[in-house]
Amino acid sequence: MIVQNIQLNNFRNYEKASVSLHPALNLITGNNAQGKTNLLESLVYLSLTRSHRISDDKKLIKNGAMFADIQCKFEDEGILKDIEAVIHGKGKTLMIHKQPVKKTSEFIGLLNVVLFSPDDLRLFTDSPKERRRVLNQEITKISPKYLLSLNKYQNLLKERNILLKEERKDELFLETLDEQMAEEEEKIMMERKYFIQSVNEMLKPAYQQLSSDDIQVSIVYKSCIDDISKENLFRMHQSLHEKDRIYHTTTNGIHREDMIFEMNHANLILSASQGQKRMTMLAFKMALLKHIQKETGKNPVLLLDDVLSELDMQKQNKLLEMIDGTFQCLITSTEIPPFLKNKDLKNFYIEDGKIYENRRNV
Ligand SMILES: Nc1ncnc2c1ncn2[C@@H]1O[C@H](COP(=O)(O)OP(=O)(O)OP(=O)(O)O)[C@@H](O)[C@H]1O
Ligand SMILES: [Mg+2]
């Protein structure tokens, strides 16, 4: 897919902005705090219906304004699509071709973007909850069914935890909940297992392509049971009734799972250098692009936020080789990276929420 145009109204520090993008490479330069990340964030919002930086949507509305509006026209298999998100005091309205959609799951992933920003490196040391959030987010982008199962599971889990806090023991209701949860868990776990397997297949070659290190990187799925089936999941919940009652909560299930990044079969955070962590995250993002491409038959858009300056020249060139001609790419940087000089691209310069085309800041 190719983003042709983005229009912003009262989004972050943009009062009004419109950009028409190059189908391949777009370089967005500007000093700090001018709106480079905000522009990428607008595309992330349309892809996930949430920001990658904050959970309170109101902060996305320009200070003093009543609502924010993000509009994007993109080409998807030869068809021009028009999607829009209006963020207002009461929430958000999502539109496809100006028609409001009823379910968020119909909207997520229509525009598929993969973002790489320096903050992503936190994922390695963050809590399992954060890694589950990323796992859920990436699977949801290609599987609306997954989101439905996840929502069902979360509602059942809430009910189960309330029940576990009650003095009265309603064993029959607990068993019904276990059964319903196990059914959703089986679907969720199969998707998680498949996703991690598929990304792993592309993670190793991507790392090796980017770096000359002879290192094996992989993601390990820390699942709540080994042998995935709804019968086994049901039995697992049943066997934990006593423990769950003592702790007043569901002590095992897909809400406790994790994915661990490993380097040479040990947790990456134990031995990886800063550079190796950055390479692993970049390889993960490249593997995500390929996974989405494989599953949907469409090329997602790559957003590189301020990550080039951290890579040496050789790695910058390797990265360009990997994306060149396949994925549309938006690259932000405070300066023009040397490896992009003389390339066929569009250059935007951002200053105080205003976007200028083809103006150089160096
Ligand atoms: N709701 C809002 N209303 C108005 N301005 C906002 C709002 N939210 C953020 N900003 C402004 O946006 C600017 C930050 O923009 P952004 O994060 O895109 O910077 P950047 O160009 O990526 O900078 P850096 O190079 O430091 O990453 C800040 O000046 C901030 O005050
Ligand atoms: Mg930024």
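The model shown is predicted, which means the values in this text are computed figures rather than measured ones. Each chain has its residues counted from 1, running along the sequence as written. A letter from A marks each chain and a number from 1 marks each ligand, given out in the order of writing. Two thresholds apply to this predicted model, a pLDDT of at least 70 for residue-level local features and 80 or more for giving and counting side-chain atom pairs, whereas whole-chain, interface and lining totals are computed over all residues.

**What about the overall build of the chain?**
Inference 1: Looking only at helices and strands, the chain features 10 helices and 15 strands.
Inference 2: Its C-alpha atoms give the chain a radius of gyration of 22 Å, within 12% of the compact-globule value 21 Å for 362 residues.
Inference 3: Reported as C-alpha extents along the three principal axes, the dimensions of the chain are approximately 70 × 55 × 35 Å.
Inference 4: Exposure in this text rests on C-beta crowding, where 20 or more other C-beta atoms within 10 Å of a residue's own make it buried, 12 or fewer make it exposed, and counts in between make it partly exposed. The C-beta atoms are placed from the backbone. The 362 residues of the chain split such that 36% are buried.
Inference 5: Considering only intrachain contacts with a sequence separation of at least 6, the fraction spanning at least 24 residues in the chain is 73%. Each helix is a run of H or I in the DSSP string that is no shorter than four residues. Each strand is a run of E no shorter than two, and both are numbered from the N terminus. A radius of gyration in this sense is built from C-alpha atoms; the matching globule rule multiplies 2.2 Å by the number of residues raised to 0.38. The contact rule is simple: place each C-beta atom from the backbone, and if two of them lie within 7 Å, those residues are in contact.

**Remarks on the packing of helix 4 (residues 144–165) against helix 5 (residues 171–210)**
Inference 1: Fitting a line to C-alpha atoms yields each axis, with helices limited to the stretch in contact; the angle taken between N-to-C directions then spans 0 to 180 degrees. Across the interface, helix 4 lies against helix 5 with an axial gap of 9 Å and an inter-helix angle of 150°. The orientation of helix 4 with respect to helix 5, classified from their angle, is roughly antiparallel. The interaxial crossing formed by helix 4 with helix 5 has left-handed handedness. Of the residues in helix 5, those touching helix 4 at Tyr146, Ser149, Leu150, Lys152, Tyr153, Leu156, Leu157, Glu159, Arg160 and Leu163 are Phe173, Leu174, Leu177, Gln180, Met181, Glu184, Glu185, Lys187, Ile188 and Glu191.
Inference 2: Throughout this entry, Asp, Glu, Lys and Arg are counted as charged residues, while Ala, Val, Leu, Ile, Met, Phe, Trp, Tyr, Cys and Pro are counted as nonpolar. The remaining residues, Gly among them, count as polar. A breakdown of the residues in the contact of helix 4 with helix 5 according to their chemical character gives 11 nonpolar, two polar and seven charged. Geometric relationships in this document are graded by angle, where less than 35 degrees denotes roughly parallel, more than 145 denotes roughly antiparallel, 65 to 115 denotes roughly perpendicular, and other angles denote oblique. Note: crossing handedness is left-handed where the near helix turns anticlockwise from the far helix by less than a right angle, and right-handed where it turns clockwise.

**Overview of the site of ligand 1**
Inference 1: As a structural note, the neighbourhood of ligand 1 is formed by 16 residues, with Asn13, Asn32, Lys36, Thr37 and Asn38 the closest of them.
Inference 2: A per-class count over the shell around ligand 1 returns two nonpolar, nine polar and five charged. For each residue, a C-beta atom is positioned from the backbone; the residue is called near a molecule or strand if that atom sits within 6 Å of it.

**A closer look at the nonpolar core**
Inference 1: In these notes, a nonpolar core means any group of buried Ala, Val, Leu, Ile, Met, Phe, Trp, Tyr and Cys residues linked to one another through C-beta atoms within 7 Å. The biggest cluster of nonpolar side chains holds 86 residues, and the ones touching the most others in it are Leu43, Cys72, Leu203, Ala283 and Leu303.
Inference 2: If you tally residues by element for this core, the top one is helix 5, at 12 residues.
Inference 3: Reported domain spans reflect what an automatic or database domain assignment gives. Two domains each provide a minimum of three residues to this core, namely domain 1 (1–112 + 298–362) and domain 2 (119–297).
Inference 4: For leucine 203, the residues in contact, after removing those within four places along its chain, are Val217, Ser218, Ile219, Ala283, Phe284 and Ala287.

**Overview of the sheet that holds strand 10 (residues 258–263)**
Inference 1: Strand order in the open sheet made by the three strands is 9-10-11, with antiparallel pairing throughout. This sheet does not close on itself; its edge strands, each paired only once, are strand 9 (217–222) and strand 11 (266–267).
Inference 2: Bridging between strand 9 and strand 10 involves six bridges; their strand directions are antiparallel. Residue pairing for strand 10: isoleucine 219 is matched across the bridge by phenylalanine 261. Strand pairing is defined by DSSP finding a minimum of two bridges between the two strands.

**Here's the deal with the pairing of strand 14 (residues 346–351)**
Inference 1: Direction of pairing for strand 3 (residues 25–29) relative to strand 14: parallel, over a ladder of four bridges. Within strand 14, the position partnered with isoleucine 28 by the bridge is phenylalanine 348.
Inference 2: Relative to strand 15 (residues 354–357), strand 14 runs antiparallel, the two being bridged by four bridges. Paired with glutamate 351 across the strands is lysine 354, a residue of strand 15.

**Examining the environment of asparagine 38**
Inference 1: Mapped onto the secondary structure, asparagine 38 falls in helix 1 (residues 36–48).
Inference 2: Separated by 67 residues in sequence, asparagine 38 and serine 105 place their C-alpha atoms 24 Å apart.
Inference 3: Setting aside chain neighbours within four positions, we find asparagine 38 in contact with Phe11, Arg12, Asn13 and Tyr14.

**Quick notes on the domain arrangement of the chain**
By a frequent convention, interface size equals the accessible area lost on bringing the separate parts together.
Inference 1: According to the domain assignment, the chain consists of domain 1 (1–112 + 298–362) and domain 2 (119–297).
Inference 2: Taking only C-alpha atoms into account, the centre of domain 1 sits 28 Å from that of domain 2.
Inference 3: Across the contact, 16 residues belong to domain 1 and 17 residues belong to domain 2.
Inference 4: For the side of domain 1 that touches domain 2, the secondary structure elements donating two or more residues are helix 1 and helix 10 (313–323).
Inference 5: Across the side of domain 1 that touches domain 2, the residue classes tally to seven nonpolar, five polar and four charged.

**Let's talk about helix 4**
Inference 1: Here a helix's expected span is defined as the number of its residues, less one, multiplied by 1.5 Å. Counted at 1.5 Å a residue, the expected span for helix 4 with its 22 residues is 32 Å, and the 32 Å between its end C-alpha atoms agrees.
Inference 2: For helix 4, the set of buried residues is Tyr146, Leu150, Tyr153, Leu156 and Arg160. Seen along its axis, helix 4 keeps its buried residues to an arc of 135°; they face one direction. Across from the buried face of helix 4, at angles greater than 90 degrees, the exposed residues are Lys158, Ile162 and Lys165.
Inference 3: Close packing links the buried residues of helix 4 with helix 3 (128–142) and helix 5. The directions from the helix axis to the C-beta atoms are what the arc is built from.

**Looking at the sheet that holds strand 8 (residues 113–116)**
Inference 1: Pairing is mixed in the open sheet, where six strands are placed in the order 8-12-13-3-14-15. The strands lining the two open edges of the sheet, one partner per strand, are strand 8 and strand 15. Averaged over all neighbouring strand pairs, the angle between strand axes comes to 20°, with direction disregarded.
Inference 2: In terms of strand pairing, strand 12 (residues 301–305) meets strand 13 (residues 329–333) through four bridges, oriented parallel. Across the sheet, residue aspartate 305 finds its bridge partner in strand 13, namely threonine 332.
Inference 3: Those strands touched by helix 9 (residues 274–296) are strand 8 and strand 12, and its axis lies near 175° from that of strand 8.

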